[in-house]
Amino acid sequence: MQDTLRITEVFYSLQGETRTAGLPTVFVRLTGCPLRCQYCDSAYAFSGGTLRTLDDILEQVAGFRPRYVCVTGGEPLAQPNALPLLERLCDAGYEVSLETSGALDISRVDTRVSRVVDLKTPGSEEVHRNRYENIEHLTSNDQVKFVICSREDYDWAVSKLIQYNLEGRAGEVLFSPSHHQVSASDLADWIVADNLPVRFQLQLHKLLWNDEPGR
Ligand SMILES: C[S@@+](CC[C@H](N)C(=O)[O-])C[C@H]1O[C@@H](n2cnc3c(N)ncnc32)[C@H](O)[C@@H]1O
Ligand SMILES: Nc1nc2[nH]cc(C(=O)O)c2c(=O)[nH]1
Ligand code: SF4
Ligand SMILES: [Mg+2]
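First, a word on what this report is: a plain description of the structure on this page. These numbers were taken from a predicted model, which means no experiment stands behind them.

Thresholds applied
Residues numbered from 1 in each chain as written. Chains lettered and ligands numbered in written order. Predicted model: local features only at pLDDT ≥ 70, side-chain atom pairs only at ≥ 80, totals over all residues. Heavy atoms only, no water. Phe/Tyr/Trp six-rings, centres within 6.5 Å; stacked < 30°, edge-to-face > 60°. Helix = DSSP H or I, 4+ residues; strand = E, 2+ residues; numbered from the N terminus. Buried < 20%, exposed > 50% of the residue type's maximum accessible area, 1.4 Å probe, protein only. Lys NZ or Arg CZ within 6 Å of the ring centre and 35° of its normal. Pairing = 2+ DSSP bridges. Contact = heavy atoms within 4.5 Å. Axes fitted to C-alpha atoms, helices over the stretch in contact; angles between N-to-C directions. Salt bridge = Lys/Arg side-chain N within 4 Å of Asp/Glu carboxyl O. Near = heavy atom within 4 Å. Polar contact = N/O pair within 3.5 Å; in protein donor to acceptor, adjacent residues only side chain to side chain. Areas by Shrake-Rupley, 256 points an atom, 1.4 Å probe, with all protein chains shown as cover. 1 Å grid on protein atoms, 1.4 Å probe; cavity = no way out; pocket = protein on both sides within 12 Å on 5 of 7 lines; lining within 4 Å. Sits in = over half its atoms within 2 Å of the grid points. Nonpolar A, V, L, I, M, F, W, Y, C, P; charged D, E, K, R; others polar.

**As for the packing of aromatic side chains**
Move 1: This model, assessed by the stated rule, comprises seven aromatic pairs.
Move 2: When the centroid spacing of 5.0 Å and the interplanar angle of 15° are considered together, the rings of Phe11 and Phe27 count as stacked. Of this pair, Phe11 sits in strand E1 (residues 4-14) while Phe27 is found in strand E2 (residues 24-30), placing the two residues 16 residues apart along the sequence. Pair check on accessibility: Phe11 and Phe27 agree, each one buried.
Move 3: Look at Tyr12 and Phe64: their rings are 5.5 Å apart centre to centre, the planes differ by 35°, and that puts the pair in the tilted class. A residue pair is termed long-range when its members are at least 10 positions apart, and Tyr12 in strand E1 and Phe64 in the loop between helix H1 (54-63) and strand E4 (68-73) qualify at 52 residues.
Move 4: Members of the aromatic cluster, connected to one another through ring pairs, are Phe146, Tyr154, Trp156, Phe175 and Trp190.
Move 5: Lying across the ring of Trp190, Arg151 places its NZ or CZ 5.0 Å from the centre.

Right, dumping it as structure tokens:
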């Protein structure tokens, strides 16, 4: 169908992650994902959802009068109409971010959008899906994220940081512990010991609300 997207939820909350962590943000969560990361906290968005028009989604977002809008999922870029949704959110004047697995082409995403590209680690069990061609499209408005499941994942992430000069390409490089799979304080200690040019982050929404859907 034209101009529709399959949507799991639209909600207003504090952004729990990335460079806008702590800022009130509307989340638009798109349904469906071709990956199956072993840690996925959003598996409820793999199926179901409601087909909605872009106009309908834009109208609900406007009702919250937000400054920040985050398009997430599921995997947003698995739906072709994610691209016009992102454009229209930017045209409406919001500061827009996109959370993507990095398994799909980001090159056609509006560059006004801050693209948060998750480079999947071996511990995610989806490392083979990384589309490394995306890295050349990154700008200082974009963010690269590693969700770390173990010391081995940390060492792998450091090697990718160096290999692709990620600090020089993206505005932010984020290291996040996979929830309850690696000690957050160990990860923090490793980053300091290695003097890494990355930002450690925790998922604020899990500290606040224990990952209830729609928060
Ligand atoms: C649910 S995904 C949706 C967007 C896209 N599919 C992706 O993977 O980036 C949003 C972010 O949450 C992260 N995430 C999911 N489960 C997590 C967990 N248990 N601990 C930490 N981060 C997690 C993902 O790695 C991703 O960066
Ligand atoms: N508050 C809040 N912040 C978030 N940042 C990323 C989220 C996600 O599930 O992708 C998320 C979420 O679900 N809730
Ligand atoms: S790519 Fe994102 S939504 Fe899909 S399984 Fe992995 S974390 Fe979950
Ligand atoms: Mg969540």
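**Let's talk about the sheet that holds E1**
Move 1: Ordered by their spatial adjacency, nine strands build an open sheet running E3-E1-E2-E4-E5-E6-E7-E8-E9, and the pairing between neighbours is mixed. The open sheet has two free edges, formed respectively by strand E3 (50-53) and strand E9 (199-200), since each of these has just one partner strand.
Move 2: For strand E6 (residues 114-118) and strand E7 (residues 143-148), the ladder comprises three bridges, and the chain directions are parallel. Paired with Val117 across the two strands is Val144, which belongs to E7.
Move 3: With respect to the sheet, helix H5 (residues 184-193) is in contact with E7, strand E8 (172-177) and E9, its orientation differing from that of E8 by roughly 145°.

**Examining the pattern of salt bridges**
When charged atoms on two side chains of opposite charge get close, those side chains can pair.
Move 1: For the structure shown, the criterion picks out 13 salt bridges.
Move 2: Among the ionic pairs, Arg88 bridges to Asp55, the shortest N-O distance being 2.9 Å. Note that Arg88 is positioned in helix H2 (residues 82-91) and Asp55 in helix H1, a separation of 33 residues in sequence.
Move 3: Overall, Arg88 belongs to the partly exposed group, its relative accessible area being 34%.
Move 4: Arg115 serves as the salt-bridge partner of Asp142, at 2.8 Å between the closest nitrogen and oxygen. Taken as a pair, Asp142 in the loop between E6 and E7 and Arg115 in strand E6 lie far apart in primary sequence, 27 residues in all. Assigned by exposure class, Asp142 and Arg115 land together as buried.
Move 5: One connected set of salt bridges, linked through shared partners, spans Asp91, Asp110 and Arg112.

**So, the site of ligand 2**
Move 1: Near ligand 2 you find 13 residues, and of these Leu14, Gln15, Arg29, Glu99 and Arg215 are the closest.
Move 2: Ser13 is positioned such that a nitrogen or oxygen atom in its side chain is 3.2 Å from a nitrogen atom of ligand 2.
Move 3: Here Arg29 contributes a side-chain N or O atom positioned 2.9 Å from an oxygen atom of ligand 2.
Move 4: Look at ligand 2: alone it shows 320 Å² of surface, and the protein chains cover 95% of it.
Move 5: Here ligand 2 is seated within the largest pocket.
Move 6: Secondary structure elements with two or more residues in the shell around ligand 2: E1 and E2.
Move 7: For the shell around ligand 2, the element with the most residues is E1, which contributes three residues.
Move 8: Of the residues that constitute the shell around ligand 2, the class distribution is three nonpolar, six polar and four charged.

**Here we look at the site of ligand 3**
Move 1: Lining the immediate surroundings of ligand 3 are Cys33, Leu35, Arg36, Cys37, Cys40, Phe46, Gly74, Ser101 and Lys120.
Move 2: In this structure the site holding ligand 3 corresponds to the largest pocket.
Move 3: In terms of residue class, the shell around ligand 3 is built from five nonpolar, two polar and two charged.

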